[in-house]
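Residue-level structure breakdown
The primary structure of each chain is shown beneath.
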Amino acid sequence: MTDFRITHEIHQTHPDIRERLTATTIEAINESSARSAEDAARVLRHKLGEIGVQMSDDACLSAIERIRSGKQLRFEIEEVSETE
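Read on for a plain summary of the structure. (Residues numbered from 1 in each chain as written. Predicted model: local features only at pLDDT ≥ 70, side-chain atom pairs only at ≥ 80, totals over all residues. Heavy atoms only, no water.)

Moving on: the side chain of T25. With respect to the helices and strands, the residue T25 is situated in helix α2 (residues 17-31). Looking at T25, the relative accessible area reads 6%, which means it is buried. Apart from residues lying up to four places away in sequence, T25 is in contact with L44, L48, I67, L73 and F75. (Helix = DSSP H or I, 4+ residues; strand = E, 2+ residues; numbered from the N terminus. Buried < 20%, exposed > 50% of the residue type's maximum accessible area, 1.4 Å probe, protein only. Contact = heavy atoms within 4.5 Å.)

Compared with an ideal rise of 1.5 Å per residue, which puts 12 residues at 16 Å, helix α4 (residues 57-68) spans 16 Å between its outermost C-alpha atoms and is within 8% of the ideal. Within the span of α4, buried status applies to A59, C60, L61, A63, I64 and R66. Positive phi appears at G70, one or two residues downstream of α4, with a value of about 85°. (Expected span 1.5 Å × (residues − 1).)

Two elements in contact, helix α3 (residues 37-50) and α4, have axes separated by 8 Å at closest approach and are oriented at 115°. Considering their axes alone, α3 and α4 lie roughly perpendicular with respect to each other. α4 is crossed by α3, and the crossing has right-handed handedness. Each of A37, E38, A40, A41, L44, R45 and L48 in α3 lies in contact with α4, whose residues at this interface are D57, C60, L61, A63, I64, E65 and R68. Its residues placed into classes, the contact of α3 with α4 shows nine nonpolar, no polar and five charged. (Axes fitted to C-alpha atoms, helices over the stretch in contact; angles between N-to-C directions. Parallel < 35°, antiparallel > 145°, perpendicular 65-115°, else oblique. Left-handed = near helix turned anticlockwise from the far one by under 90°. Nonpolar A, V, L, I, M, F, W, Y, C, P; charged D, E, K, R; others polar.)

Structure below.
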């Protein structure tokens, strides 16, 4: 399973971040169902940016391909390390 790690600080600011990520991802998938995976990834990246979450193009594409192949995503909350 692909894990998308969300930093602890974002979770502190937005306690419902998992639900928002899930809802936003579903919305992006529904909006872009007839588009190519690359276009759908751009839609997802834009939608996530609207809720303050930045994800790379590659990660968005991976998420789209994973969902379209019937697999699940799991968003994991973790604390930011001192080096970040």
